[in-house]
Amino acid sequence: MNTNNDSNGLNLSVENNPIFSKIFSLEGKIALITGGGSGIGFDIAQCMIAAGATVIITGRREFALQESIKTLGKNAHYIVNDVTELKKLEALVHEIETQYGYIDILVNNAGINMKKPALDVTDEDFDLIIHTNLNAVFSLTRACAKRMIERKSGSILMISSMAAYYGIDRVVAYAASKSGVEGMVKVLASEFSKHNVRVNAIAPGFIETSMMKNAMSSDPDRMNKALNRTPMAKFGKPEDIGWAAVFLASEAAAYVTGVSLPVDGGNSIGF
Ligand code: NAI
């Protein structure tokens with residue numbers, strides 16, 4: 001084995017290194033992942049399980065959730081839940097903590113998009129997106145954070161978007177919701193840090209999921225525009241977000257809070 005000590009005497013070799021294997025581990029942790037039955041949420045679940053966690057995925061369609069946990073294996077469980085039913089979120093958290101144990105990691109992944117020119121967006125359209133992507137995120141976060149703060153331990157992840165970073169046309173409500181999430185991350189990280197609860201966001205670039213296909217498939221100009229400003233010149237895969245989520249939820253990120261981490265092939269800094 002090739003050992004390599006840094007100036008502090010820390011053993012930096014990777015192979016068989018107990019520090020390295022533990023620092024990214026989620027062994028013994030319980031993660032609640034909303035919308036975990038498909039797309040990015042499903043891959044976050046897969047990556048967290050690979051890192052040792054037990055995951056509880058939620059969504060609205062029982063059949064889809066059942067199929068997902070067949071693939072995810074014995075460390076995955078599901079509960080049917082619509083995040084927009086805010087009054088049921090407290091009960092959801094109570095049910096999980098009674099049945100499976102304390103939630104160590106919350107991943108607010110469930111979200112919806114709507115592509116329409118701003119002037120065609122009705123108040124109802126706007127409300128629907130904000131309610132799902134922002135109000136529900138706050139309510140569920142509050143229910144989990146209350147308990148995490150009591151236990152003085154927890155990690156909360158939000159899924160933001162490039163739409164909160166720069167002006168993407170025809171997603172006004174979605175951009176407003178994700179910008180709200182970005183603001184929430186900073187405030188909650190400020191309030192919760194003293195209780196050892198961390199709050200971070202991942203801002204995915206363009207990731208190949210059904211949401212992205214819906215937005216892009218009939219709009220090649222938009223697809224080319226997204227690709228052309230992505231220095232890595234390819235779209236991301238859901239697992240790219242999954243591994244970033246493992247990092248942010250793990251001890252390796254113990255001093256990371258209040259950030260929004262772009263996982264975007266450079267899209268946010270591309271010209
Ligand atoms: P997706 O449409 O494949 O998955 C979204 C999941 O959320 C689905 O499982 C859906 O059933 C669930 N969901 C939606 N409304 C729900 C509700 N009311 N209650 C419970 N579950 C609900 O989309 P994707 O791409 O996997 O998106 C996941 C997250 O990533 C979203 O927050 C999205 O805004 C965000 N995102 C995705 C990007 C992409 O390129 N795919 C880029 C930036 C952000």
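Relevant structure appears above.
So, here's what we can say about the structure. Please read all numbers here as calculations on a predicted model, not as lab measurements. (Residues numbered from 1 in each chain as written. Predicted model: local features only at pLDDT ≥ 70, side-chain atom pairs only at ≥ 80, totals over all residues. Heavy atoms only, no water.)

1. Here we look at empty space enclosed by the protein
Stage number 1. According to the stated counting rule, one finds one cavity of 30 Å³ or more in the structure shown.
Stage number 2. Volume-wise, the largest cavity comes out at about 40 Å³.
Stage number 3. The wall of the largest cavity is formed by T34, V83, N108, A110, T132, A136, V137 and L140.
Stage number 4. Ranked by residues supplied to the lining of the largest cavity, first place goes to helix α5 (residues 123–151) with four residues. (1 Å grid on protein atoms, 1.4 Å probe; cavity = no way out; pocket = protein on both sides within 12 Å on 5 of 7 lines; lining within 4 Å. Points joined across faces, edges and corners; volume = space filled by probe spheres on them. Helix = DSSP H or I, 4+ residues; strand = E, 2+ residues; numbered from the N terminus.)

2. Description of unusual backbone geometry
Stage number 1. Although it is not a glycine, N196 adopts a positive phi angle of roughly 65 degrees.
Stage number 2. Its identity is not glycine, yet A233 carries a phi of approximately 55 degrees, on the positive side.
Stage number 3. Secondary-structure assignment places A233 in the loop between α8 (220–228) and α9 (238–249).

3. Quick word on the packing of helix α2 (residues 39–50) against helix α3 (residues 62–72)
Stage number 1. The N-to-C vectors of α2 and α3 enclose an angle of 30 degrees; their axes lie 11 Å apart at closest approach. Taken together, the axes of α2 and α3 are roughly parallel relative to one another. In the crossing of α2 with α3, the sense of the turn from one axis to the other is right-handed. Taken together, the residues of α3 that come into contact with α2 (itself represented by F42, A45, Q46 and I49) are S68, T71 and L72. (Axes fitted to C-alpha atoms, helices over the stretch in contact; angles between N-to-C directions. Parallel < 35°, antiparallel > 145°, perpendicular 65-115°, else oblique. Left-handed = near helix turned anticlockwise from the far one by under 90°. Contact = heavy atoms within 4.5 Å.)

4. Concerning the pairing of strand β1 (residues 30–34)
Stage number 1. Buried residues dominate β1, accounting for five of its five residues.
Stage number 2. Here β1 shows two buried faces, one formed by I30, L32 and T34 and the other by A31 and I33.
Stage number 3. What joins β1 to strand β2 (residues 54–59) is α2, and the crossover it makes is right-handed.
Stage number 4. Bridge analysis of β1 against strand β4 (residues 105–108) gives three bridges, and the strand direction is parallel. In the strand pairing of β4, I33 is matched with V107. (Buried < 20%, exposed > 50% of the residue type's maximum accessible area, 1.4 Å probe, protein only. Right-handed = clockwise from strand over helix to strand, strands pointing away. Pairing = 2+ DSSP bridges.)

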